[in-house]
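Residues per chain are reported as follows:
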Amino acid sequence: MNQPTRHTPTVDAQLIERPQPGLLSIVVPCYNEESIIEATHARICSIAPQLDMNVEVLYIDDGSHDSTLKKLKNLASEDSRIAVIEFSRNFGQQAAMSAGLEMAQGDAVVIIDADLQDPPEVIIEMVAKWRTGVDVAYGRRKSRDGESTFKLITASLFYRFFARMMPYPVPVDTGDFKLCDRAVVNAVCALPEKRRYLRNLIPWAGFTHAPVDYDRDARTAGETKYSASRLFSLAADAVLLSSDKPIRYIWYLAALFASVGICGLITEATFSTKENLSLSTLLALLGFISAAQTAAIAIVGEYVVRCYREAQARPAFVIRKKLVAGNKAGTMLRDEDNTNNKRS
């Protein structure tokens with residue numbers, strides 16, 4: 001009998017009764033997506049009849065500087081299934097997705113980017129998986145069009161490194177594109193963290209997971225919002241927010257230096273000569289040890305900074321306004337000023 005691998009959470013084959021038809025919430029974080037947001041909504045609308053569920057679509061405008069918000073308001077005026085959440089500034093994709101999870105009312109919630117690299121048509125298969133009893137149906141990328149070889153290699157290495165660092169099973173070759181059952185959403189939203197990385201929080205919650213394989217498309221409009229520095233910051237959060245292994249590895253580094261020192265003393269006592277180490281050798285050894293010590297202090301500092309931010313207890317996002325349909329049958333809209341921003 002094949003045992004599940006470390007990175008493949010088990011799936012209970014027992015069928016679970018799901019609501020019929022049920023409500024599906026689709027959460028779409030948006031940041032400067034004016035060139036594609038209308039096409040995104042059109043693709044979502046095209047699959048809605050095949051889902052056999054009622055649908056609500058939550059667009060979270062993460063402080064866009066272009067006409068994204070204006071276009072979202074226009075779409076909402078024409079489609080009563082749309083709700084628009086406007087942030088007071090840019091708080092980041094993780095905050096936007098967290099806000100969407102908190103606002104969603106559905107029996108199941110899908111998270112999908114607005115850039116159409118993750119095809120909305122895959123949601124149909126995710127819903128089918130959910131109806132068989134799967135609590136989290138996550139998109140697993142078979143291919144990634146439009147990306148360089150360097151990006152593909154580094155992304156693959158990071159996914160595997162990240163999974164190894166986690167103390168619980170985390171799937172590889174996946175992003176934020178997934179469907180979560182209401183029980184999973186409630187569990188994640190109940191967590192007290194302010195600074196979040198959902199790719200590790202959702203696996204942490206447990207439940208049953210299953211992949212939905214798909215080919216990731218190239219971006220057809222707009223540009224990526226992640227610079228190299230933002231990607232590095234996101235990678236650091238991914239590891240440091242859920243794993244204490246970097247701290248524990250410092251002990252291994254200390255053990256290495258202790259071993260080198262002991263070996264040096266034994267060598268000096270056993271094979272003592274009058275020859276002295278060259279200046280360049282001494283400088284190299286001092287440089288290596290100093291760099292290792294500095295790195296260890298920096299790792300501890302990164303944890304301290306994150307503890308400090310959590311202790312500040314600031315909300316992860318601030319909502320300027322919510323735009324929702326005034327009634328389900330028509331397109332009357334109302335603005336809801338937000339005075340109770342959640343911690344996310």
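Let me sum up the structure you'll find in this document. (Residues numbered from 1 in each chain as written. Predicted model: local features only at pLDDT ≥ 70, side-chain atom pairs only at ≥ 80, totals over all residues. Heavy atoms only, no water.)

Quick word on the nonpolar core
Thinking step 1. In this structure, L24, I26, V28, Y59, I123 and L179 are the most contacted members of the largest nonpolar core, which totals 36 residues.
Thinking step 2. The leading source of residues in this core is helix α4 (residues 122-131), at five residues.
Thinking step 3. Residues within four places of I123 in sequence aside, it is in contact with L24, I26, I47, L51, V110, I112 and F177.
Thinking step 4. The next biggest cluster of nonpolar side chains, apart from the first, holds 30 residues, and it includes A83, F91, A104 and V136. (Core = buried A, V, L, I, M, F, W, Y, C linked by side-chain atoms within 4.5 Å. Buried < 20%, exposed > 50% of the residue type's maximum accessible area, 1.4 Å probe, protein only. Helix = DSSP H or I, 4+ residues; strand = E, 2+ residues; numbered from the N terminus. Contact = heavy atoms within 4.5 Å.)

Notes on a nonpolar patch on the surface
Thinking step 1. On the surface, L256, F288 and I289 cluster together to form a nonpolar patch covering roughly 270 Å² of accessible area.
Thinking step 2. Inspection of the secondary structure puts I289 in helix α10 (residues 279-312).
Thinking step 3. Look at I289 and you get partly exposed, because its relative accessible area is 33%. (Patch = residues over 30% accessible without salt bridge, like charges linked within 9 Å, V, L, I, M, F, W, Y side chains within 5 Å. Areas by Shrake-Rupley, 256 points an atom, 1.4 Å probe, with all protein chains shown as cover. Salt bridge = Lys/Arg side-chain N within 4 Å of Asp/Glu carboxyl O.)

Notes on the packing of helix α1 (residues 37-47) against helix α2 (residues 68-78)
Thinking step 1. The N-to-C vectors of α1 and α2 enclose an angle of 30°; their axes lie 10 Å apart at closest approach. On the side of α1, the interface is formed by I37, E38 and H41, while α2 contributes K71, L72 and L75.
Thinking step 2. Among the residues making up the contact of α1 with α2, the classes are represented as three nonpolar, one polar and two charged. (Axes fitted to C-alpha atoms, helices over the stretch in contact; angles between N-to-C directions. Nonpolar A, V, L, I, M, F, W, Y, C, P; charged D, E, K, R; others polar.)

A few points about α2
Thinking step 1. Considered for burial, the residues of α2 that qualify are T68, L69, L72, L75 and A76. With its buried residues spanning 120° around the axis, α2 presents them on a single face. Relative to its buried face, α2 has exposed residues pointing more than 90 degrees away, namely K70 and E78. (Arc of directions from axis to C-beta.)

Focus on the packing of aromatic side chains
Thinking step 1. What the rule picks out here adds up to three aromatic pairs.
Thinking step 2. Joined through ring pairs, the aromatic side chains of F87, F91 and F317 make up one cluster.
Thinking step 3. One residue, R89, lies across the ring of F91, its end atom 3.9 Å from the ring centre. (Phe/Tyr/Trp six-rings, centres within 6.5 Å; stacked < 30°, edge-to-face > 60°. Lys NZ or Arg CZ within 6 Å of the ring centre and 35° of its normal.)

Describing helix α6 (residues 182-189)
Thinking step 1. The set of residues buried in α6 consists of V184, V185, V188 and C189. Projection of α6 onto a plane perpendicular to its axis shows the buried side chains occupying an angular sector of 125°, all on one side.
Thinking step 2. Its side-chain oxygen at 3.1 Å from the backbone nitrogen of A183, D181 defines the N-terminal cap of α6. (Polar contact = N/O pair within 3.5 Å; in protein donor to acceptor, adjacent residues only side chain to side chain.)

Quick word on the pattern of salt bridges
Thinking step 1. As enumerated under the stated definition, the model contains nine salt bridges in all.
Thinking step 2. Connected through shared salt-bridge partners, R18, D135 and D181 make up one network.

Quick notes on unusual backbone geometry
In most cases, non-glycine residues show a negative phi, while peptide bonds are predominantly trans.
Thinking step 1. Backbone geometry places N32, a non-glycine residue, at a positive phi of 55°.
Thinking step 2. Along the chain, the position of N32 falls in the loop between β1 (23-30) and α1.

A closer look at the pairing of strand β6 (residues 174-181)
Thinking step 1. By the criterion of burial, β6 is predominantly enclosed, with eight of the eight residues buried.
Thinking step 2. Bridging between strand β4 (residues 108-111) and β6 involves four bridges; their strand directions are antiparallel. Pairing of A108 across the sheet is with D181, part of β6.
Thinking step 3. In this structure, strand β5 (residues 136-144) lies alongside β6, joined through four bridges in antiparallel fashion. Looking at the pairing, A137 lines up with L179 of β6. (Pairing = 2+ DSSP bridges.)

As for the state of the cysteines
Covalently bonding the sulfur atom of one cysteine to the sulfur atom of another cysteine gives a disulfide.
Thinking step 1. Enumeration over the complete set of coordinates arrives at zero disulfides.
Thinking step 2. Free cysteine C180: the closest other cysteine sulfur is in C189, separated by 9.7 Å.
Thinking step 3. Judged by its relative accessible area of 2%, C180 is buried. (Disulfide = S-S within 2.5 Å.)

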